[in-house]
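The lines below spell out each chain.
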Amino acid sequence: MPGSEGAGEELFPESCFALALRGSWTLAWGLESHPEILRGPNTKMEVFQTLQRLHMTIFSQSVSPCGKFLAAGNNYGQIAVFSLSAALSSEAKEESKKPVVTFQAHDGPVYSMVSTDRHLLSAGDGEVKAWLWAEILKKGCKELWRRQPPYRTSLEVPEINALLLVPKENSLILAGGDCQLHAMDLETGAFTRALRGHTDYIHCLALRERSPEVLSGGEDGAVRLWDLRTAKEVQTIEVYKHEECSRPHNGRWIGCLATDSDWMVCGGGPALTLWHLRSSTPTTIFPMRAPQKHVTFYQDLILSAGQGRCVNQWQLSGELKAQVPGSSPGLLSLSLNQQPAAPECKVLTAAGNSCRVDVFTNLGYRAFSLSF
Amino acid sequence: MVRRRQSICRRLWSFGDVASLVCCRDSVRTICPQNICSLRAHMEGKYYSEEAEVDLRDPGRDYELYKYTCQELQRLMAEIQDLKSRGGKDVAVEIEDRRIQSCVHFMTLKKLNRLAHIRLKKGRDQTHEAKQKVDAYHLQLQNLLYEVMHLQKEITKCLEFKSKHEEIDLVSLEEFYKEAPPDISKAEVTMGDPHQQTLARLDWELEQRKRLAEKYRECLSNKEKILKEIEVKKEYLSSLQPRLNSIMQASLPVQEYLFMPFDQAHKQYETARHLPPPLYVLFVQATAYGQACAHMKSSQPPRQDKTLSVAIEGSVDEAKALFKPPEDSQDDESDSDAEEEQTTKRRRPTLGVQLDDKRKEMLKRHPLSVMLDLKCKDDSVLHLTFYYLMNLNIMTVKAKVTTATELITPISAGDLLSPDSVLSCLYPGDHGKKTPNPANQYQFDKVGILTLRDYVLDLGHPYLWVQKLGGLHFPKEQPQHTVIADHSLSASHMETTMKLLKTRVQSRLALHKQFASLEHGIVPVTSDCQYLFPAKVVSRLVKWVTIAHEDYMELHFTKDIVEAGLAGDTNLYYMALVERGTAKLQAAVVLNPGYSSIPPIFQLCLNWKGEKTNSNDDNIRAMESEVNVCYKELCGPRPSHQLLTNQLQRLCVLLDVYLETESHDDSVEGPKEFPQEKMCLRLFRGPSRMKPFKYNHPQGFFSHR
């Protein structure tokens, strides 16, 4: 039928045009948004995983002895190991920002981690566990050993909030919920000393490099200085009693601590303050309203992080040098990768109330985020 | 200067009279100082007007006089010169005489000059006067011209005027003279006069229209009467229905006794032969499944205890008209072939018709539909009506829930049982808004339908499971018309789908009930979930309202959920407000249609000593994770219909713990607003200073998770 053929010819280019239009439209959409976001999580499992990721908190980080890997521990007891060298390389893809390996390390949250030259030590509720870095990277994640400090109470297992390596003695100091510092000999695995004095649980530890002295800060608002040789408390600074830095509405707890021989910086409920240790006087009070959860000395700067998105950089004089925003609403830990073995991976990483670890290649801006 | 001279002259001449002046003028040649003196004497006592004198004098002669005077002056001057050069005794006297003469001549010159001036002025005045007159005439002329133009315009307007009657379609002239009564047509007057004729025709038109209006009114009343009759008859018929029903009911035992129900079933099967293949598959499978269930349940007669009843609705005749009845109803192949032929045949002539008709044709559904009534334990019934869209080759479903007892519908439960959302996401991601048949997109492009979404309210939802129940399976990669209704596919999905449908209805009804008490601020906790919570909970739910999806998206503390893609538009959204003292906790709730297997998601915002959300308070974040992530311990006994209420109760407990363990600011005077009543092992724990949110049941203390 010639008539119908004519009609068909007429229709054909029109439908072609429509198809072409639709094609370009979907292409534009595809570029704009990720298909997964368009669809959203649907099944029970997907929703649960999304919620878990949303409510994840990364408490601790530790860089491997080779400097190329970063371990991060979250509130579900998982440790994820990221490859910094892959993520920082020029041909980095989205997958290289995902963990190389993730394993269940503890039942409770992983509050603290440190690395020795062979081991990764992680601590959570009541226990410290050791993992071999070499095995982790081969993805055979079996714990090497686990130790529990001698606790007196049995009703509740105290958590371990801080780990500290004392390289000179080859020992590890643990502190947390039972208000004591426990020293553990890494050679034998025995708990050698317990330092008592805090009246509430301990948040943080710091080592004075020159003399074998350890600083601890806790919920009771005091920073105590301990002599490791005599196992005695040498000095006590009750920060909240100094009017300049006390902030009663935030509480008296000391959340973070760092030391550089004669100088000590601490913060938390009270304002972030730089102290001269010998005279135990506050010298600089840093004007930051939000409680700080981590502080560290870096060259002639002080880096601090806490409530809020930013990593704060301070001059020793108390001036705010820079505030670099990250991707988490609150930060709990900073880690400076200064391993001499991997100079190309010299980065600052920050983690906190999200499933992402922000990576700062220089101190100026956030380069990208690693994600659980 | 001139004026002064005039005044002097007047003084000089005021003595002379007119007559002497005339004489003076006539004998001007002979004027001499003596004469002037005598003139002065004559003019005494009279006013002399030089202006008047001008009119009397001839300008030509004045000119002559002027010339003459000038010559005289020249002559006298020459003579004086002559005399002076000669010198002599008597010369002085002669010069004096000559000087006097020349003085007189000067006087005459002055006089002439004055006259010339007056003449000039007069001339000017006259010219001016004439010009004004001309101007006035010109203005008048223009006024008149304008008037003429205006009148001409009016005339053309009048000429162009169109009467309304010209638009009226009058009966033709012959007809008019034939039909109109003579008292209207008045042939003798109107034949010659077209004006009168038109008037008469208009009269006739009016008359006719009046008659028709009368007729119209009559018809209307007639129609009303008939309608009333129909109403009465309908009433009668509807009253007949229950009577017939009761007769049927009464006859049931007889039928059963005589094994007659097969007869009824047979009738239904007879109708089923006219169903399109997918609906037929659904019908057969659903009936089979219903019977199987009934047999499994008990040994009672099957008709009494049916959880699933199947019926066919719609007009069989229309279906017959659509399809040639297939020779063998079991043969699906030939059936679908016949259908193919039908559709192609029908489509051809519609090519030229409007797009709208094409759309309607495209979305046409089969006149027959299958009704599925799914009865739940508590006597609530889910009515499902399945349709088949013939040209799209997909099935759609409409749902309705009825309950045994009348439900008091809480405001916030509006969407729970709405037909649009009750079955949404029965299987994950199955929103029922897109067509499952990939081939449809090409058909839509032709008639300009963007998406099926705009039509689902009318047509019903084309959920994927509906297609599977109808045995339609659409491969993703091949958009072709090779989809054949398959019995095995339908059978494999029947049981799971029916179970899902039942749980869906039950969970919706449970929610419905719970919402009623939530709206009154009561969180219903059943006795078997009591162990999850301490005996004393002080925080109270004060508000439970439904909110729009857009409002939820705009809340400042729900950003995380929106970004994670958990806030799709198929979810239901609510806002809860929990209060204790001055503390107000807002909770934005996302209720997934897949509740209760997918938990509701809470986002919190506490207003107490400033605004606290998960971004600035770790403990608020922990509370969210307590209800959102650790929801499994709140599910209660299966099928966990209590999840939402347990979560809300948990939220109250969490708020209690949060407020009671808040560290007291020593610098502020007065007692704490919320004294610590809960037993806690420790107040804070860990680097983020978590509060003891976990409740330990038999001992009744709170600890950290």
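Residues numbered from 1 in each chain as written. Chains lettered and ligands numbered in written order. Predicted model: local features only at pLDDT ≥ 70, side-chain atom pairs only at ≥ 80, totals over all residues. Heavy atoms only, no water.

**Re the overall build of chain B**
Okay, so step 1: Scanning chain B from N- to C-terminus turns up 23 helices and eleven strands.
Okay, so step 2: Counting all 705 residues of chain B, 41% fall into the buried class.
Okay, so step 3: Carbon and sulfur atoms form 56% of the exposed surface of chain B, whose accessible area is close to 41100 Å². (Helix = DSSP H or I, 4+ residues; strand = E, 2+ residues; numbered from the N terminus. Buried < 20%, exposed > 50% of the residue type's maximum accessible area, 1.4 Å probe, protein only. Areas by Shrake-Rupley, 256 points an atom, 1.4 Å probe, with all protein chains shown as cover.)

**Some thoughts on the overall build of chain A**
Okay, so step 1: Each helix and strand in chain A was counted, giving five helices and 28 strands.
Okay, so step 2: Buried positions account for 54% of the 372 residues belonging to chain A.
Okay, so step 3: The long-range share in chain A, meaning contacts at least 24 apart out of those at least 6 apart in sequence, stands at 46%.
Okay, so step 4: Accessible surface, chain A as shown: approximately 17000 Å² in total, 53% of it carbon and sulfur. (Contact = heavy atoms within 4.5 Å.)

**Some words on the nonpolar core**
Okay, so step 1: The biggest cluster of nonpolar side chains holds 139 residues, and the ones touching the most others in it are B:Phe386, B:Trp465, B:Phe515, B:Trp544 and B:Leu644.
Okay, so step 2: Tallying contributions element by element places helix H23 (residues 643-660) of chain B first for this core, with eleven residues.
Okay, so step 3: Residues lining this core come from more than one domain, with at least three contributed by each of domain 3 (271-295 + 306-322 + 351-504) and domain 4 (521-664 + 672-703) of chain B.
Okay, so step 4: Within the second largest apolar cluster, 15 residues are counted, among which are A:Cys204, A:Cys266, A:Ala271 and A:Leu277. (Core = buried A, V, L, I, M, F, W, Y, C linked by side-chain atoms within 4.5 Å. Domains from an automatic or database assignment.)

**Remarks on the interface of chain B and chain A**
Okay, so step 1: Taken together, the contact between chain B and chain A spans 37 residues of the former and 41 residues of the latter.
Okay, so step 2: For the pair chain B and chain A, the two sides together bury roughly 3700 Å², of which 58% comes from carbon and sulfur.
Okay, so step 3: Area buried by chain B at its contact with chain A is led by B:Arg621, B:Arg685 and B:Pro687, which between them contribute 18% of it.
Okay, so step 4: Counting across the chain B and chain A interface gives seven salt bridges. (Buried area = accessible area lost by both parts, 1.4 Å probe. Salt bridge = Lys/Arg side-chain N within 4 Å of Asp/Glu carboxyl O.)

**Description of the pairing of strand E28 (residues 368-371) of chain A**
Residues and elements named next belong to chain A.
Okay, so step 1: Of the two faces of E28, the one carrying Phe368 and Leu370 and the one carrying Ser369 and Ser371 are both buried.
Okay, so step 2: Relative to E28, strand E27 (residues 356-360) is paired through four bridges, and the arrangement is antiparallel. Along E28, the bridge assignment pairs Val357 with Leu370. (Pairing = 2+ DSSP bridges.)

**Observations regarding the sheet that holds strand E21 (residues 292-298) of chain A**
Residues and elements named next belong to chain A.
Okay, so step 1: Taken together, the four strands give an open sheet; going across it, the order is E21-E22-E23-E24, and neighbouring strands pair in antiparallel fashion. The open sheet is flanked by E21 and strand E24 (320-325), the only strands paired with a single partner. For this sheet the average axis-to-axis angle between neighbouring strands, irrespective of direction, equals 20°.
Okay, so step 2: Relative to E24, strand E23 (residues 310-315) is paired through five bridges, and the arrangement is antiparallel. (Axes fitted to C-alpha atoms, helices over the stretch in contact; angles between N-to-C directions.)

**As for the packing of helix H15 (residues 355-362) of chain B against helix H16 (residues 440-447) of chain B**
Residue and element names in this part refer to chain B.
Okay, so step 1: Relative to each other, H15 and H16 sit at 155°, their axes nearing to 9 Å. It follows that H15 is roughly antiparallel to H16 by the angle criterion. When H15 is examined against H16, the residues Leu355, Lys358, Arg359 and Met362 are found in contact with a partner set consisting of Gln443, Lys446 and Val447. (Parallel < 35°, antiparallel > 145°, perpendicular 65-115°, else oblique.)

**Some points on the confidence of the model for chain A**
Note: predicted coordinates in regions of low pLDDT should not be interpreted at a detailed level.
Okay, so step 1: For chain A, the mean per-residue pLDDT works out to 84, and 89% of the residues sit at or above 70.
Okay, so step 2: Note on residues 1-39 of chain A: pLDDT under 50 across the span, and eight contacts to partners over four residues away in sequence or across chains. (pLDDT = per-residue confidence, 0-100.)

**Structural notes on unusual backbone geometry**
Okay, so step 1: Here A:Cys179, not a glycine, exhibits a phi torsion of approximately 65°, which is positive.
Okay, so step 2: Mapped onto the elements, A:Cys179 comes out in the loop between strand E10 (171-176) and strand E11 (180-185).
Okay, so step 3: With a phi angle near 55°, B:Lys609 is a residue other than glycine that sits in the positive phi range.
Okay, so step 4: Relative to the elements of secondary structure, B:Lys609 occurs in the loop between strand E8 (601-607) and strand E9 (611-613).
Okay, so step 5: Taking the relative accessible area as the measure of exposure, B:Lys609 reaches 61% and is therefore exposed.

**Some remarks on the side chain of A:Asp220**
Residue and element names in this part refer to chain A.
Okay, so step 1: Here Asp220 shows up in the loop between strand E14 (213-218) and strand E15 (222-227).
Okay, so step 2: Among the polar contacts listed, one links the side chain of Asp220 to the side chain of His198, at a separation of 3.2 Å.
Okay, so step 3: Within the structure, the side chain of Asp220 is placed 3.0 Å from the backbone nitrogen of Thr199, a separation counted as a polar contact. (Polar contact = N/O pair within 3.5 Å; in protein donor to acceptor, adjacent residues only side chain to side chain.)

**Side note on the confidence of the model for chain B**
Residues and elements named next belong to chain B.
Okay, so step 1: With 82% of its residues at a pLDDT of 70 or more, chain B shows a mean pLDDT of 79.
Okay, so step 2: By mean pLDDT, the top-scoring element of chain B is helix H6 (residues 91-160) (93), and the lowest-scoring one is helix H2 (residues 18-26) (40).
Okay, so step 3: Contacts from residues 298-305, a stretch scored under 50 in pLDDT, to residues over four places away or in other chains number seven contacts.
Okay, so step 4: Scored below 50 in pLDDT, residues 325-350 makes 24 contacts in the model with residues more than four places away or belonging to other chains.
Okay, so step 5: Across the whole predicted complex the pTM is 0.66, and at the interface the ipTM reaches 0.84.

**Thoughts on the pairing of strand E3 (residues 381-389) of chain B**
The side chains of a regular strand alternate between the sheet's two faces.
Residues and elements named next belong to chain B.
Okay, so step 1: Counting buried residues along E3, nine of its nine residues qualify, which places the element largely inside the surrounding structure.
Okay, so step 2: Neither face of E3 is open: one carries Val381, His383, Thr385, Tyr387 and Leu389, the other Leu382, Leu384, Phe386 and Tyr388, and all of them are buried.
Okay, so step 3: Looking at chain direction, strand E2 (residues 369-375) and E3 are connected through six bridges and run antiparallel. Note that in E3 the partner of Val370 across the bridge is Phe386.

**Regarding the sheet that holds E8(B)**
All names here are of chain B.
Okay, so step 1: Pairing is antiparallel across the open sheet formed by five strands, whose spatial order is E5-E6-E7-E8-E9. At either end of the open sheet lies a strand with only one pairing partner, and these are strand E5 (540-547) and E9. In this sheet, adjacent strand axes meet at a mean angle of 20° when their direction is disregarded.
Okay, so step 2: Of the pairings in the sheet, the one linking E8 to E9 comprises three bridges and is antiparallel in character. The residue of E9 that forms the bridge with Leu606 is Lys612.
Okay, so step 3: The sheet strands contacting H23 are E5, strand E6 (572-580), strand E7 (583-591), E8 and E9, and the helix crosses E6 at an angle near 35°.

**Focus on the packing of aromatic side chains**
Residue and element names in this part refer to chain B.
Okay, so step 1: Counted according to the given criterion, the structure contains 14 aromatic pairs over all chains.
Okay, so step 2: For the pair Trp544 and Tyr574, a centre-to-centre distance of 5.0 Å together with 10° between the ring planes defines the contact as stacked. Of this pair, Trp544 sits in strand E5 while Tyr574 sits in strand E6, and the two are 30 residues apart along the sequence. Neither residue differs from the other here; Trp544 and Tyr574 are each classed as buried.
Okay, so step 3: Put simply, the rings of Phe386, Tyr463 and Trp465 pair up and form one aromatic cluster. (Phe/Tyr/Trp six-rings, centres within 6.5 Å; stacked < 30°, edge-to-face > 60°.)

**Concerning the pattern of salt bridges**
Okay, so step 1: Tallied over the entire structure, the rule returns 44 salt bridges over all chains.
Okay, so step 2: Of the charged contacts in the structure, one is a salt bridge between A:Asp262 and A:Arg208, with a shortest N-O distance of 3.3 Å. Here A:Arg208 lies in strand E13 (residues 202-208) and A:Asp262 lies in the loop between strand E17 (254-260) and strand E18 (263-268), a separation of 54 residues in the sequence. With respect to burial, A:Asp262 and A:Arg208 carry one shared label: buried.
Okay, so step 3: The salt bridge involving B:Asp656 is made with B:Lys678; its shortest N-O contact spans 3.6 Å. Highlighted residues: B:Asp656 in helix H23 and B:Lys678 in the loop between H23 and strand E10 (694-695), separated in sequence by 22 residues.
Okay, so step 4: Three or more residues are tied together by salt bridges with common partners; here these are A:Asp125, A:Glu156, A:Glu159, B:Arg682 and B:Arg685.

**Structural notes on H23(B)**
Okay, so step 1: In a regular helix each residue adds 1.5 Å, so 18 residues correspond to 26 Å; H23(B) covers 25 Å between its end C-alpha atoms and thus fits that length.
Okay, so step 2: In terms of residue burial, H23(B) counts as a mostly covered element, since 18 of its 18 residues are buried. (Expected span 1.5 Å × (residues − 1).)

**Description of the side chain of B:Thr385**
Residues and elements named next belong to chain B.
Okay, so step 1: Along the chain, Thr385 falls in strand E3.
Okay, so step 2: Under the relative-accessibility criterion, Thr385 is labelled buried at 12%.
Okay, so step 3: Excluding its chain neighbours within four sequence positions, the residues that come into contact with Thr385 are Ser369, Val370, Met371, Thr396, Val397 and Lys398.

**A short note on the environment of B:Phe674**
Okay, so step 1: Mapped onto the elements of the fold, B:Phe674 is located in the loop between H23 and E10.
Okay, so step 2: For the pair formed by B:Phe674 and B:Glu662, sequence separation is twelve residues and the distance between their alpha carbons is 8.6 Å.

**Details of the packing of helix H5 (residues 59-86) of chain B against H6(B)**
Residues and elements named next belong to chain B.
Okay, so step 1: Running from N to C, H5 and H6 point in directions that differ by 155°, and their axes come no closer than 9 Å. With respect to H6, the element H5 is oriented roughly antiparallel. Pair H5 / H6 crosses with left-handed handedness.
Okay, so step 2: Residue composition of the contact of H5 with H6, by class: 16 nonpolar, five polar and eight charged. (Left-handed = near helix turned anticlockwise from the far one by under 90°. Nonpolar A, V, L, I, M, F, W, Y, C, P; charged D, E, K, R; others polar.)

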